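Architecture at a glance
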Amino acid sequence: MAEKSETWEEDDREEDFRKTGQTCYNREKESNDNGNVFDCAFHPTRPLLACGLSSGSIRLFQGPDADAPFDRWTIDDRFRLDNASHIKCLAWNVDGTRLAAGCFDGTVAVWQCNGVDDSVIPFQAKEHNLAVFEIIWNRWNCNLFATRSRDEGELQRILTWNSDLNEPVSCQCLELDTKFVWDFEWISSTRMAACTYEGTILICEIGSKVPVRRVSHPGVWKVRWHFALHYLVSCSTDGSVKVWSKNRHQEVGQIQLENRVYCVDCHGLRSGGSALIASGLEDGTIAIWHVTENRLQILSEHLDAVTCISFSPDGQYLATLDNEEKLIIWSTENWVIIFHHFKPANENWNHIRWNPTSNKLAISSNSHEIHIIELEDEFEDCISSHDEEKST
């Protein structure tokens, strides 16, 4: 059990850092022919944002560089499905050479993005019976990814795909003896972990049609791989957050919280800092587990359940979103609030996506708009200025 630190009180906040240097852009509404944006994803290295539309096309926003304001990014509509279908989710592979999309009709499509002929679709197939809700690329193998959907009347399945252009298109099916898979995550080049309705984490191996290992975590809701610690992290509606070893899949650490945990994210060791695990709770609090220091910190600002949580790639910021659709960005250096924003009443925010340089955040809203929050130079100066004042 981690040692619990003091709760962040209302009077401890640095109000001056809210909204400093932030700009939230609402892209101009498009015509109904283009449809709604259900998901978006930044390219892992280039200033490029892909948005999946209900018309079955991908709208790309491309900037001259990562620091350019988003209103200077240009539109490119070169990616389109052969047969129009609502795009539900999309994701880039680790090196940015593939873009995969999952659709409401069960179709999965992949485009190559090598700068030569980006409009070619290496393959488009319909193996799922219902909407594809999630796509996750393997971080160790840039050609391998997995998809899941809510296939009615069947045991849950996860499909793994090989998008290597030098090999025939292949798809393998992992049959899971469960009513529902809540979440899954790659933990190696050949293995993934899936958390199930029955409170079990299934360890699945490519090439094996059934799980190779099962571990129990009652109420398990989300799983994440901690790349710095090389551990699997899981959170549960029973209030627990657990850490599991990679090889033996045994529990090696745990914290017990007072409310249901709905989301979790991890970040690696910072210079002179601790490896972090952040969890969003039903009561609106956020638990920050400083794992290597065995210390727990509680942040209190949300008034409703925190359902989405995401560290920026550089670890300097943490974005959190609650059921009331209030977005907060925190500085992980001192845990002050540096930005907060409420969604429009007529939108439903689903995903928050950081760009690779951690200075832009994209939010898909199931509407005609894509929201971009930018961290500008003035914002960075304010953080540095605040830290200098604290040291004097």
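Residues numbered from 1 in each chain as written. Predicted model: local features only at pLDDT ≥ 70, side-chain atom pairs only at ≥ 80, totals over all residues. Heavy atoms only, no water.

1. With respect to the overall build of the chain
Regarding its fold elements, the chain presents one helix and 33 strands. Every one of the 392 residues in the chain was classed for burial, and the buried ones make up 56%. Restricting the contact set of the chain to residue pairs at least 6 apart, pairs at least 24 apart contribute 47%. Summed over its atoms, the accessible surface of the chain is roughly 16700 Å², and 43% of this surface lies on carbon and sulfur atoms. (Helix = DSSP H or I, 4+ residues; strand = E, 2+ residues; numbered from the N terminus. Buried < 20%, exposed > 50% of the residue type's maximum accessible area, 1.4 Å probe, protein only. Contact = heavy atoms within 4.5 Å. Areas by Shrake-Rupley, 256 points an atom, 1.4 Å probe, with all protein chains shown as cover.)

2. Points about the sheet that holds strand β6 (residues 74–80)
Pairing is antiparallel in the open sheet, where four strands are placed in the order β3-β4-β5-β6. A strand with exactly one partner marks an edge of an open sheet, and here the two such strands are β3 (37–42) and β6. Adjacent strand axes in the sheet meet at a mean angle of 25 degrees, parallel and antiparallel pairs treated alike. (Pairing = 2+ DSSP bridges. Axes fitted to C-alpha atoms, helices over the stretch in contact; angles between N-to-C directions.)

3. So, unusual backbone geometry
Non-glycine residue H230 carries a positive phi angle of around 60 degrees. Mapped onto the secondary structure, H230 falls in the loop between β19 (220–226) and β20 (231–236). In this structure, W335 takes a positive phi of about 60 degrees despite not being glycine. Mapped onto the fold, W335 is located in the loop between β29 (326–331) and β30 (337–342). The exposure class assigned to W335 is buried, which follows from its relative accessible area of 5%.

4. Here we look at the packing of aromatic side chains
One pass over the full model with this rule turns up 13 aromatic pairs. Both rings, one in W137 and one in F145, keep their centres 4.6 Å apart while their planes meet at 45 degrees; by these two values the pair is tilted. Assigned by exposure class, W137 and F145 land together as buried. (Phe/Tyr/Trp six-rings, centres within 6.5 Å; stacked < 30°, edge-to-face > 60°.)

5. So, the environment of R150
Mapped onto the secondary structure, R150 falls in the loop between β12 (144–149) and β13 (157–162). Take R150: its relative accessible area is 43%, and that puts it in the partly exposed class. A sequence separation of 19 residues divides R150 from A131, and the C-alpha atoms of the two residues are 6.7 Å apart. The contacts of R150, once residues within four sequence positions are left out, are L130, A131, F133, Q156 and F180.

6. With respect to the sheet that holds strand β10 (residues 123–126)
Taken together, the four strands give an open sheet; going across it, the order is β7-β8-β9-β10, and neighbouring strands pair in antiparallel fashion. Edge positions in the open sheet fall to β7 (87–92) and β10, since each of these has one partner strand only. Direction aside, neighbouring strands of the sheet carry axes that sit 15 degrees apart on average.

7. Describing the nonpolar core
Among the nonpolar cores identified, the biggest contains 18 residues, and V233, V241, L257, I277, W289 and L296 are the most heavily contacted of them. Where this core is concerned, the elements lending two or more residues are β20, β21 (240–245), β23 (261–267), β24 (276–281), β25 (285–290) and β26 (295–300). It is β23 that provides the largest number of residues to this core, a total of three residues. (Core = buried A, V, L, I, M, F, W, Y, C linked by side-chain atoms within 4.5 Å.)

8. With respect to the pattern of salt bridges
Here the idea is simple: oppositely charged side chains can pair when their charged atoms come close. What the rule picks out here adds up to eight salt bridges. Among the ionic pairs, K326 bridges to E301, the shortest N-O distance being 3.3 Å. One end of the pair, K326, is in strand β29; the other, E301, is in the loop between β26 and β27 (306–311), with 25 residues separating them in the sequence. There is no split in this pair, since K326 and E301 are both buried. (Salt bridge = Lys/Arg side-chain N within 4 Å of Asp/Glu carboxyl O.)

These results come straight from atomic positions and should not be treated as a statement about function.
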